[in-house]
Amino acid sequence: PRLDLAPGAVHLPDWLDLDAQRRLLAACREWAPGMRQQRLPNGGVMSVRMVCLGWHWAPYRYTRTLDDGSTVLPFPAWLGDLGRRAVAAAGFTGDYRPDIALVNFYDAEARMGLHQDKDERSLDPVVSFSLGDTGVFRFGNTENRGRPWTDVDLRSGDLVVFGGGSRLAYHGVTRIKPGTADPDLGLSGRLNVTLRVSGLD
Ligand code: MD5
Ligand code: FE
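Overview of the structure. (Residues numbered from 1 in each chain as written. Chains lettered and ligands numbered in written order. Predicted model: local features only at pLDDT ≥ 70, side-chain atom pairs only at ≥ 80, totals over all residues. Heavy atoms only, no water.)

**Some points on the pattern of salt bridges**
Next, step 1: Under the criterion given, the structure shown has 11 salt bridges.
Next, step 2: With its nearest N and O atoms 2.9 Å apart, the salt bridge here joins Asp 117 to Arg 196. With Asp 117 in the loop between strand E8 (112-115) and strand E9 (126-132) and Arg 196 in strand E14 (residues 190-196), the pair connects residues that are 79 residues apart, well separated along the chain.
Next, step 3: For Asp 117, a relative accessible area of 11% gives the class buried.
Next, step 4: For Arg 196, a relative accessible area of 7% gives the class buried. (Salt bridge = Lys/Arg side-chain N within 4 Å of Asp/Glu carboxyl O. Helix = DSSP H or I, 4+ residues; strand = E, 2+ residues; numbered from the N terminus. Buried < 20%, exposed > 50% of the residue type's maximum accessible area, 1.4 Å probe, protein only.)

**Thoughts on the site of ligand 1**
Next, step 1: Around ligand 1, the structure places 19 residues, and the nearest of them are Asn 104, Tyr 106, Ser 166, His 171 and Arg 190.
Next, step 2: The side chain of His 115 places a nitrogen or oxygen atom 3.1 Å from an oxygen atom of ligand 1.
Next, step 3: A distance of 3.4 Å separates an oxygen atom of ligand 1 from a polar atom in the side chain of Asn 192.
Next, step 4: The fraction of the free accessible surface of ligand 1 (500 Å²) that becomes covered by protein chains is 98%.
Next, step 5: Of all the secondary structure elements, the ones that give two or more residues to the shell around ligand 1 are strand E7 (100-106), E8, E9, strand E10 (134-139), strand E13 (171-177) and E14.
Next, step 6: In terms of residue count, the dominant contributor to the shell around ligand 1 is E14 (four residues).
Next, step 7: For the shell around ligand 1, the residue count by class is eight nonpolar, seven polar and four charged. (Near = heavy atom within 4 Å. Polar contact = N/O pair within 3.5 Å; in protein donor to acceptor, adjacent residues only side chain to side chain. Areas by Shrake-Rupley, 256 points an atom, 1.4 Å probe, with all protein chains shown as cover. Nonpolar A, V, L, I, M, F, W, Y, C, P; charged D, E, K, R; others polar.)

**Here we look at the coordination of the iron ion (ligand 2)**
Next, step 1: His 115 (NE2), Asp 117 (OD), Asp 117 (OD) and His 171 (NE2) make up the full set of protein donors to the iron ion (ligand 2), lying at 2.1 to 2.8 Å.
Next, step 2: Around the iron ion (ligand 2), the six donor atoms sit at angles spanning 50 to 178 degrees, and that spread fits a shape best called irregular.
Next, step 3: Within one chain, the residues serving as donors to the iron ion (ligand 2) are arranged as H-x1-D-x53-H. Of the two residues, Asp 117 sits in the loop between E8 and E9 while His 171 sits in strand E13, which places them 54 residues apart along the sequence. For the residue pair Asp 117 and His 171, the accessibility class agrees, reading buried in each case. (Donors = N, O, S within 2.8 Å, 3.2 Å for Na, K, Ca; no water. Tetrahedral: all angles 85-135°; square planar, octahedral: opposite > 155°, others 65-115°.)

**Some details on the pairing of strand E3 (residues 36-39)**
Next, step 1: Sheet topology places E3 next to strand E4 (residues 45-53); three bridges connect them, and they run antiparallel. Each residue of the ladder has a partner; that of Gln 37, found in E4, is Arg 49.
Next, step 2: Two successive antiparallel strands, E3 and E4, enclose a turn made up of five residues, where Gly 43 displays a positive phi of approximately 95 degrees. (Pairing = 2+ DSSP bridges.)

**Looking at the nonpolar core**
Next, step 1: In terms of nonpolar packing, the biggest core is built from 33 residues, with Trp 31, Leu 79, Val 103, Val 127, Phe 129, Leu 191 and Leu 195 touching the most fellow members.
Next, step 2: Listed by contribution, the elements that provide at least two residues to this core are strand E2 (9-12), helix H1 (18-31), E4, helix H2 (77-89), E7, E9, strand E12 (159-162) and E14.
Next, step 3: Of the residues forming this core, the biggest block, six residues, is contributed by H1.
Next, step 4: The contacts of Leu 191, once residues within four sequence positions are left out, are Leu 25, Cys 28, Met 35, Val 103, Asn 104, Phe 105, Phe 129, Ser 130 and Leu 131. (Core = buried A, V, L, I, M, F, W, Y, C linked by side-chain atoms within 4.5 Å. Contact = heavy atoms within 4.5 Å.)

**Comments concerning unusual backbone geometry**
Next, step 1: Note the cis peptide between Pro 59 and Tyr 60, where omega equals 5 degrees.
Next, step 2: Among the structural elements, Tyr 60 can be located in the loop between strand E5 (56-57) and strand E6 (62-63).
Next, step 3: A positive phi angle, close to 60 degrees, is found at Asp 14, a residue other than glycine.
Next, step 4: Mapped onto the secondary structure, Asp 14 falls in the loop between E2 and H1.
Next, step 5: The class of Asp 14 is exposed, set by a relative accessible area of 51%.

**Overview of the packing of aromatic side chains**
Next, step 1: The tally for this structure, following the rule as stated, stands at six aromatic pairs.
Next, step 2: Each ring, one from Trp 57 and one from Tyr 60, has its centre 5.4 Å from the other, and the planes form 85 degrees; the classification is edge-to-face.
Next, step 3: We classify Trp 57 as buried; its relative accessible area is 9%.
Next, step 4: Residue class for Tyr 60 comes out partly exposed when judged on its relative accessible area of 46%. (Phe/Tyr/Trp six-rings, centres within 6.5 Å; stacked < 30°, edge-to-face > 60°.)

**Overview of H1**
Next, step 1: With 14 residues, H1 should cover 20 Å at 1.5 Å per step; its first-to-last C-alpha distance of 20 Å lies within 8% of that length.
Next, step 2: Residues Ala 20, Gln 21, Leu 24, Leu 25, Ala 27, Cys 28 and Trp 31 constitute the buried set of H1. Along the axis of H1, the buried residues cluster in a sector spanning 160 degrees; they form a single face. In this structure, H1 carries Arg 23 and Glu 30 as exposed residues pointing more than 90 degrees from its buried face. (Expected span 1.5 Å × (residues − 1). Arc of directions from axis to C-beta.)

Any functional reading would require information that these geometric values do not contain.
Right under this line is the structure:
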């Protein structure tokens, strides 16, 4: 099935079959040693653990190197291919050449407050893959952090593509539902992999 959250925001539940989920999870486990909790300029520390591929999210800009001077992990070609299949499945036309992946791990307590993704210079779609425990995703409006918003459960294997008029919508993750993952996957907590186009070179 295909669910339109709003113009340009397309939810394809269970788009990744269990085999594809296992492959993406195995890749996340290879990247996981780079995961860290980002410190924000306001002094806060994000509850989500993140590792970046292609470009490092600094916050609130993209850099080629991490704070410690190390080089960001490469963005693999196979992940770009998966992203192109995802945007096509969601009904978007035209080239899609993502060069950033943000891999976010949510434990049972982690959240992500409402924000806009506006650090990319390109407004090409953002592709989101969910693995593991269900997350409650809050999809807001483009004006402010207030209502109206819609809360959507994102389950393991779900694809959401955010483009067009939804690309700059406020959004966040209000909670994780512990113990909701398929035990066959072997993941406690939630992983979200987003693909983006930096518009940088
Ligand atoms: C997540 N991650 O579930 C979400 C999925 C992030 C983040 O929000 O910034 O890492 S991506 C959701 C998204 C991306 C771009 C635009 C919109 C939503 N949107 O317009 O609603 O961990
Ligand atoms: Fe975001």
